[in-house]
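# Results of the structural survey
Here are the chains, one letter per residue:
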Amino acid sequence: MLDKKRELATNKLLEVLRSGTAIDEEDIAEVETVETVKKPDEIEIEEVSEKKNFLFLIGENLVSKIKSAITTQKGILALDIGSNSVKYVIFRKIGGEIVLTDSGCKNFNVYDKSPQGIKEARISAISELITKDMVENNNIITSIYGPNVSIRRITMPKVNKKELHDAILWNAKKDLPFSPETALIDYYVVGEIEEKGVPKLEVFVGAADNSVVEEHLNILKSLDIIPYKIIAVPLAVFNCYVNIFRNSKIEDGAIIDIGAENSYIVFINEGKLQFAREISTGGNDITKEMIGSISTSSGIIKIDYRKAEELKVKYGIPDESSFIQTPDGIPLSQISSLMRPVIERILNQIQRSLDYFRNKFPYNDPDIIYLSGGTSLLKNFDTFLSEGLGKEVRIFDPKKYIKVSETIPEEHIFKKSSPLFAVAIGMALEPKDGLNLLPEELKIIPLLKLQKKIIKLAAIFLFLILSTASALAYLNFKKSSDELKNIRLNQGKLGSFFQQYSELENKKKIEEQNIKRFLNCLLYTSPSPRDLSTSR
């Protein structure tokens, strides 16, 4: 279309030139317009498209990295390292909800009971369970336990802020069950209360012997794992209970986490942890008590540790009056008799803890006692404790109260045995400003990582801004260059028209000269009228 218009305009200009009349500037402008000018919307579309493509090629990777860094939040990986197993849970914030997205458990046997043997068994289990991606994509929290770990709530006189730290440490150290010189201590102020009209501070304190923390960290460091927080197991048990029942009317309760080697009983009143006690008996003690020889109708049957564990898991705590036998002829009543000394010891320790809480604290007895941990899953164990304590005892099943990702199948161990994960869940739900028994030099590592991330983001933003500015400058330069090129091209084409015009002018002059010569010739060679008359 443009070529046709150009041809018509050019022919019109040539006709003007040939006619010898003056050239109208509009005629030249028409040729220039037809040759170079596009519709405004076409120009705008081309420029926008060109800029978009150029910026996309330059900034695609940078924008992707910034978006990923801003929108991707690390999850929380809670790692529960026990005596016979390692368990973990991962929580992430999805659509405004805290969701359990992954979990796992790895059992291990410690054949070498030396400290080094126990350490190696735990390292092996963790390495099989926790991947490098899990470590990189999550903030890790772990827990410690044992007689050299303590948490408690203290009440102290109100002091000014300058004296607060030293006053809390002095109060915390005086009743520690281990040397205060080697203790790692952390605390937070719960609030202010009044006792007999005197204002006082209520402070929650956690402490651990440095050797316990170092031993725990050595296991993790061997696997290139640096946690951002370490808390005590009873605090994790409390967190699990109080967060799950946050919107419930249950304010007075107790939860007993029965592990393989140790158990903890935690008392809660008005949603606050009031008292926690370690019970130095666990599920392994029940298994060990069953090892030996049993006389049956078919002969003597030897029970080793593995056989005892299988019987415990399969039959739980059988009725002493049962006449049922195992396939190999072991009466369940005898199994119950073997277990009885240990489970009664657990019952007595719980009862003493209840009596101590009742006498020491001016609070009501727990409304309900919840059980968690692997041993809580033994058949009839909750019934045995309920009858012995004269209280309602329930299995604490966290999966009923938390949001679990649909990607976790029903046959997954978490779905089948969620009480195993109460400690891990409680760790994951620990507030950011809660207790942290990590050494001070390691507490700053997350801050350094955050600073590094901020600097990296700032550098990316700056580079993107400079790249965008350079891209826009280039596009403007390219646009100007193209415009200049078009101008020069049009000047060249217009110059060719003037050259043709000049050639035609020259031809015109030549023709005019020829016409004059021809006329002169006619003038001088034509006969006069007199000559014509004479010749007649």
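This text goes with the structure placed above it.
Residues numbered from 1 in each chain as written. Predicted model: local features only at pLDDT ≥ 70, side-chain atom pairs only at ≥ 80, totals over all residues. Heavy atoms only, no water.

To continue, consider the overall build of the protein. Counting its regular elements, the protein contains 17 helices and 16 strands. A buried classification covers 40% of the 536 residues belonging to the protein. Intrachain contacts of the protein at a sequence separation of at least 6 include 65% that bridge at least 24 residues. Accessible surface computed for the protein: about 31400 Å², of which carbon and sulfur atoms make up 54%. (Helix = DSSP H or I, 4+ residues; strand = E, 2+ residues; numbered from the N terminus. Buried < 20%, exposed > 50% of the residue type's maximum accessible area, 1.4 Å probe, protein only. Contact = heavy atoms within 4.5 Å. Areas by Shrake-Rupley, 256 points an atom, 1.4 Å probe, with all protein chains shown as cover.)

Okay, the packing of helix α9 (residues 283-290) against helix α11 (residues 332-360) next. Two quantities define a packed helix pair, namely the angle between the axes and the distance from one axis to the other. Where α9 meets α11, the axes come as close as 8 Å, and the angle between the chain directions of the two elements is 145°. In this structure, α9 crosses over α11, and the sense of that crossing is right-handed. Across the interface between the two elements, D285, I286, E289 and M290 of α9 pack against I335, L338, M339, P341, V342, I343, R345 and I346 of α11. Tallied by class, the residues present in the contact of α9 with α11 amount to 9 nonpolar, no polar and 3 charged. (Axes fitted to C-alpha atoms, helices over the stretch in contact; angles between N-to-C directions. Left-handed = near helix turned anticlockwise from the far one by under 90°. Nonpolar A, V, L, I, M, F, W, Y, C, P; charged D, E, K, R; others polar.)

The next point concerns the packing of aromatic side chains. One pass over the full model with this rule turns up 11 aromatic pairs. Ring geometry for Y188 against F204: centres 5.6 Å apart, planes inclined by 35°, an arrangement best described as tilted. In this pair, Y188 is assigned in strand β6 (residues 183-195) and F204 in strand β7 (residues 198-209), connecting sequence segments 16 residues apart. Note on F204: relative accessible area 1%, which makes it buried. Cluster of aromatic residues (ring-pair linked, three or more members): F267, F275, Y356, F357, F361 and Y363. (Phe/Tyr/Trp six-rings, centres within 6.5 Å; stacked < 30°, edge-to-face > 60°.)

Buried within helix α10 (residues 305-315) are the following residues: A308, L311, K312 and Y315. Mapping the buried residues of α10 onto a view down its axis gives an arc of 100°, with all of them on the same face. Along α10, the residues that are exposed and aim more than 90 degrees away from the buried face are R306 and V313. Turning to α10, the residues buried within the fold contact α9, β13 (299-303) and α11. Note on α10: the residue one or two positions beyond its end, G316, has a positive phi of about 60°. (Arc of directions from axis to C-beta.)

The element β7 is largely enclosed, with a buried count of 9 among its 12 residues. Here strand β5 (residues 149-157) pairs with β7 via 9 bridges, running antiparallel. Bridge pairing in β7 places I154 opposite V203. One ladder, built from 12 bridges, connects β6 with β7; its direction is antiparallel. (Pairing = 2+ DSSP bridges.)

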